[in-house]
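Results of the structural survey
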Amino acid sequence: MSGTEHLTVERIGATMVLTLNRPEAKNALSLPMLAGLHDGWLEADADDAIRSVVLTGAGGAFCSGMDLKALHGPGPADDACRARFKADPDLHWKAMLRHHRPRKPVIAAVEGPCVAGGTEILQGTDIRIAGESAVFGLFEVRRGLFPVGGSTVRLARQIPRTHALEMLLTGRPYTAAEAARIGLIGHVVPDGTALERALETAALVNANGPLAVEAVKACVHDTAGLDEAAGLAFELERGMPVIGSADAKEGTRAFAEKRPAVYRRA
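Residues numbered from 1 in each chain as written. Predicted model: local features only at pLDDT ≥ 70, side-chain atom pairs only at ≥ 80, totals over all residues. Heavy atoms only, no water.

1. So, the nonpolar core
Within soluble globular proteins, side chains that are nonpolar generally end up buried alongside one another. Core analysis: the largest hydrophobic core is formed by 46 residues, its most contacted members being Leu18, Leu37, Val110, Phe136 and Leu184. The element that contributes the greatest number of residues to this core is helix α1 (residues 31–46), accounting for seven residues. Apart from residues lying up to four places away in sequence, Val110 is in contact with Phe62, Leu122, Ile129, Ala130, Gly131, Ala134, Phe136 and Ala194. Grouped together as the second largest cluster of nonpolar side chains are nine residues, Ile107, Val189, Ala194 and Ala198 included. (Core = buried A, V, L, I, M, F, W, Y, C linked by side-chain atoms within 4.5 Å. Buried < 20%, exposed > 50% of the residue type's maximum accessible area, 1.4 Å probe, protein only. Helix = DSSP H or I, 4+ residues; strand = E, 2+ residues; numbered from the N terminus. Contact = heavy atoms within 4.5 Å.)

2. Describing the sheet that holds strand β9 (residues 174–175)
The three strands lie next to each other as β6-β8-β9, forming an open sheet whose pairing is mixed. The open sheet has two free edges, formed respectively by β6 (113–115) and β9, since each of these has just one partner strand. In terms of strand pairing, β6 meets strand β8 (residues 135–137) through three bridges, oriented parallel. Within β8, the position partnered with Cys114 by the bridge is Phe136. (Pairing = 2+ DSSP bridges.)

3. A short note on the pattern of salt bridges
Throughout the structure, instances matching the rule amount to 17 salt bridges. The closest approach of N and O atoms between Lys94 and Asp88, which form a salt bridge, is 2.9 Å. Glu166 serves as the salt-bridge partner of Arg172, at 3.0 Å between the closest nitrogen and oxygen. Take Arg172: its relative accessible area is 26%, and that puts it in the partly exposed class. Salt bridges sharing partners connect three or more residues here, namely Asp48, Arg103, Glu214 and Arg265. (Salt bridge = Lys/Arg side-chain N within 4 Å of Asp/Glu carboxyl O.)

4. Considering the pairing of strand β4 (residues 52–57)
Extensive coverage of β4 is indicated by the burial of six of its six residues. Neither face of β4 is exposed, since Ser52, Val54 and Thr56 on one face and Val53, Leu55 and Gly57 on the opposite face are all buried. Across six bridges, the pairing between strand β3 (residues 15–20) and β4 is parallel. By the bridge assignment, Thr15 is partnered in β4 with Ser52. With α1 bridging β3 and its parallel neighbour β4, the resulting β-α-β unit is right-handed. Taken together, the four bridges between β4 and strand β5 (residues 106–110) define a ladder with parallel strand orientation. For Val54, the partnering residue across the bridge sits in β5 and is Ile107. (Right-handed = clockwise from strand over helix to strand, strands pointing away.)

5. As for α1
An ideal rise of 1.5 Å per residue puts 22 Å on 16 residues; α1 measures up with 23 Å between its terminal C-alpha atoms. Within α1, 12 of the 16 residues are buried, which leaves the element mostly enclosed by the surrounding structure. Those residues of α1 lying buried are Leu31, Pro32, Met33, Leu34, Ala35, Gly36, Leu37, His38, Gly40, Trp41, Ala44 and Asp45. (Expected span 1.5 Å × (residues − 1).)

6. Description of the packing of aromatic side chains
Overall, the coordinates contain zero aromatic pairs when judged by the stated rule. In this structure, Arg172 is placed above the aromatic ring of Tyr174, and the distance from its NZ or CZ to the ring centre is 3.9 Å. (Phe/Tyr/Trp six-rings, centres within 6.5 Å; stacked < 30°, edge-to-face > 60°. Lys NZ or Arg CZ within 6 Å of the ring centre and 35° of its normal.)

7. Comments concerning unusual backbone geometry
The backbone of Leu97 sits at a positive phi, close to 65°, despite the residue not being glycine. Residue position: Leu97 is located in the loop between α4 (91–95) and β5. Here Arg265, not a glycine, exhibits a phi torsion of approximately 55°, which is positive. Position of Arg265 among the secondary structure elements: in the segment after α12 (246–257).

Structure (structure tokens):
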């Protein structure tokens, strides 16, 4: 296990697990945490042995948003991080998945509060699983703030517009059951089991052809703003090279031979 003071990085098989690790602050985002997230996304992208990423939080919480005190507080770790953020003013947006889309599928395992910046990061993930006591919400307007982590653009593209506007404009909390009903998350599981379910889901993803998985993810995202004809043309452009790959041949051969496929990303 590695990472920074406020974020742990662990590999379980072909899955990288990034754990927000400030349980005493309900995993509110600090500079070291953001820097660690940024580095984790890049590490996962660069390592072909990693097939998926799970994002979770320690201590029964996912993320309670930005820690404004920590962002301006003293400390050597913070000072070192400030130099990085000064060198790259976009770094915090990349960490929060606003200005970076990981190549590998990202699965969120949510327990407890996932609010404000937590709900904004959530929108950058691909598959979302939550414990039944998890709480979601964009509270910024309650404090006279604006959710600049991407929610005014992405949320209405991910859930029905009326639900997106209600969440954005009321600033009220949402239960896990309600978040699932409106489509913000995909699964509600017993408390304390979200990470287990996320790892099970990651194992299913990892067993598939990595070229296919990454191309499918990219195609879904890249065609979101296109009309149907343009999207279908893009799908062929992205999908046909995968169908013609050695991995595709291996996958069909393994199916015929009733054995697990051995994919080589080729």
